[in-house]
Amino acid sequence: VTPPPPVPVDTPLVAAPDARRDFIVVDDEAGLRRALDAPFDRWIHFLHPSQEAIVTGRFSGPVKVTGAAGTGKTVVAMHRARHLARAGKRVLLTSFVRTLCANLERNLRLLCTPDELARITVSTVHTRVLNILHKSDPKIRWVDERAVQAALTTAARELSPPHDLAFLQAEWDHVIQPQGIATWDQYLEARRTGRGRTLSPRDRKAVWQVFSRARELLAAKNGADWAALCERATGLLTSGQVQSDSDA
C-alpha cells in the first residue's frame, strides 16, 4: 500500500485529506446550520478523497470501478450521477436488480435537489430495453425459463440435433444467456470454458440451428429471451429506427 503523503505540522488534523473520511469541515455558520439540520441519512454520503476523485474526474471513455462489498461503489455512482446532473447532463443510472434501483432512487432523493433529480433516470437494464422495443412493437414480451425450455424441446424434436436436450439446455443456460448471444457469428466465436465438451464449427452450427428455431417459435407468440431482446433493441437504436427516451 502506498503510504499517504506527510501532513505539514501546521495543518489542522481534521483538514488533512485522509481525515475527510471521518470529518467534514464547515467554513461558516450557514454551512454548520445545513449540516445540523440535515437528516441522518444525509451524513452517510460524505466522500473520501479517493471517492471524490472518481466522482468529479474527467474521463475520455468508460471507467470501471471495482471493490469488495461495502467499499462505497454505489455511493460513488450516486454522487457521479449528481455531479453530471449539476453540469446539465442527462444521466441514466442503471442496474440489473430492481431492489437496488429502488434503493438508489430513495437515496438520490435525499442527496439531490429537485432540478438535479429531474435529470437522473434510475432503471433496470431490462426495463429500458422493453421501453425501447415497445416503441416499435408494443406486443413484444420477455418469456420465462419454462417457455424457453418448451421451445427448445420442440425445436430439438423437429431438427434432431446430434446432442440431447439436457446438453442443449445447459448450453443455453451457460453460454447463450450469460454472454448475450443472439446471432450465429456471436455463437461461433463464443467462449465455452467449463462446458466439458469441445464443439467443432459443424457441431456449433447444428446446435445453433436449434436455438434459432426455438427463438422463431417464441417470436411467433411475441416472446423472446433477454439476449434476443437486447440485441434487437440495440439494432433499433443503432439504425435510428427508434430514438432513446428523452428522459434517459
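Residues numbered from 1 in each chain as written. Predicted model: local features only at pLDDT ≥ 70, side-chain atom pairs only at ≥ 80, totals over all residues. Heavy atoms only, no water.

A. Summary view of helix α12 (residues 226-239). The terminal C-alpha atoms of α12, which comprises 14 residues, lie 20 Å apart, in line with the 20 Å expected from a rise of 1.5 Å per residue. Among the residues of α12, W226, A227, A228, L229, A233 and L236 are the ones counted as buried. Buried residues along α12 sit in contact with α7 (125-136), β3 (141-142), α9 (165-176), α11 (201-219) and β4 (223-224). Just beyond α12, the residue with positive phi is G240, at close to 85 degrees. (Helix = DSSP H or I, 4+ residues; strand = E, 2+ residues; numbered from the N terminus. Expected span 1.5 Å × (residues − 1). Buried < 20%, exposed > 50% of the residue type's maximum accessible area, 1.4 Å probe, protein only. Contact = heavy atoms within 4.5 Å.)

B. Molecular detail of the pattern of salt bridges. Tallied over the entire structure, the rule returns eight salt bridges. Across the pair R192 and E171 runs a salt bridge whose closest N-O atoms are separated by 2.6 Å. Taken together, the residues span a long stretch of sequence, with R192 in the loop between α10 (184-188) and α11 and E171 in helix α9 at a distance of 21 residues. Judged by its relative accessible area of 12%, R192 falls in the buried class. The closest approach of N and O atoms between E171 and R195, which form a salt bridge, is 2.8 Å. Here the residue E171 occupies a position in helix α9, and R195 occupies one in the loop between α10 and α11, the gap between them amounting to 24 residues. Residue class for E171 comes out buried when judged on its relative accessible area of 0%. By relative accessible area, which is 17% here, R195 ends up buried. Bridged by salt links that share partners, the residues E158, R213 and E216 form one connected network. (Salt bridge = Lys/Arg side-chain N within 4 Å of Asp/Glu carboxyl O.)

C. Spatial organisation of unusual backbone geometry. One non-glycine residue with positive phi stands out, namely S160, at about 50 degrees. Residue placement: S160 occurs in the loop between α8 (145-159) and α9. Residue classification places S160 among the exposed residues on the basis of a relative accessible area of 57%.

D. The pairing of strand β2 (residues 120-124), seen in detail. Of all the five residues making up β2, five are buried; the element is thus mostly covered by neighbouring parts of the structure. Burial along β2 is two-sided: I120, V122 and T124 facing one way and T121 and S123 facing the other are all buried. Bridge count for strand β1 (residues 91-95) against β2 is five bridges, and the pairing is parallel. Paired with T94 across the two strands is S123, which belongs to β2. (Pairing = 2+ DSSP bridges.)

E. Local environment of the nonpolar core. Core analysis: the biggest nonpolar cluster contains 21 residues, and L152, L168, I176, I181, Y187, V207 and F211 have the highest contact counts within it. Every element with two or more residues in this core is listed here: α8, α9 and α11. Aside from chain neighbours lying at most four places away, what touches I181 is V175, I176, Q186, Y187, A190, W208, R215 and A227. (Core = buried A, V, L, I, M, F, W, Y, C linked by side-chain atoms within 4.5 Å.)

F. Just a nonpolar patch on the surface, in detail. A contiguous nonpolar patch, built from F59, V63 and V65 and spanning about 230 Å² of accessible area, is present on the exposed surface. Of note, F59 is situated in the loop between α3 (49-55) and α4 (73-86). (Patch = residues over 30% accessible without salt bridge, like charges linked within 9 Å, V, L, I, M, F, W, Y side chains within 5 Å. Areas by Shrake-Rupley, 256 points an atom, 1.4 Å probe, with all protein chains shown as cover.)

G. Up close: the environment of V97. Within the element layout of this structure, V97 appears in the loop between β1 and α5 (98-111). Each C-alpha atom, one on V97 and one on T124, is 6.4 Å from the other, the two residues being 27 residues apart in sequence.

H. Looking closely at the side chain of E116. Turning to its location among the elements, E116 is positioned in helix α6 (residues 114-118). Classification of E116 as buried rests on a relative accessible area of 7%. A distance of 3.0 Å separates a polar atom in the side chain of E116 from the backbone nitrogen of T113. Residues within four places of E116 in sequence aside, it is in contact with R82, A85, R86 and L111. (Polar contact = N/O pair within 3.5 Å; in protein donor to acceptor, adjacent residues only side chain to side chain.)

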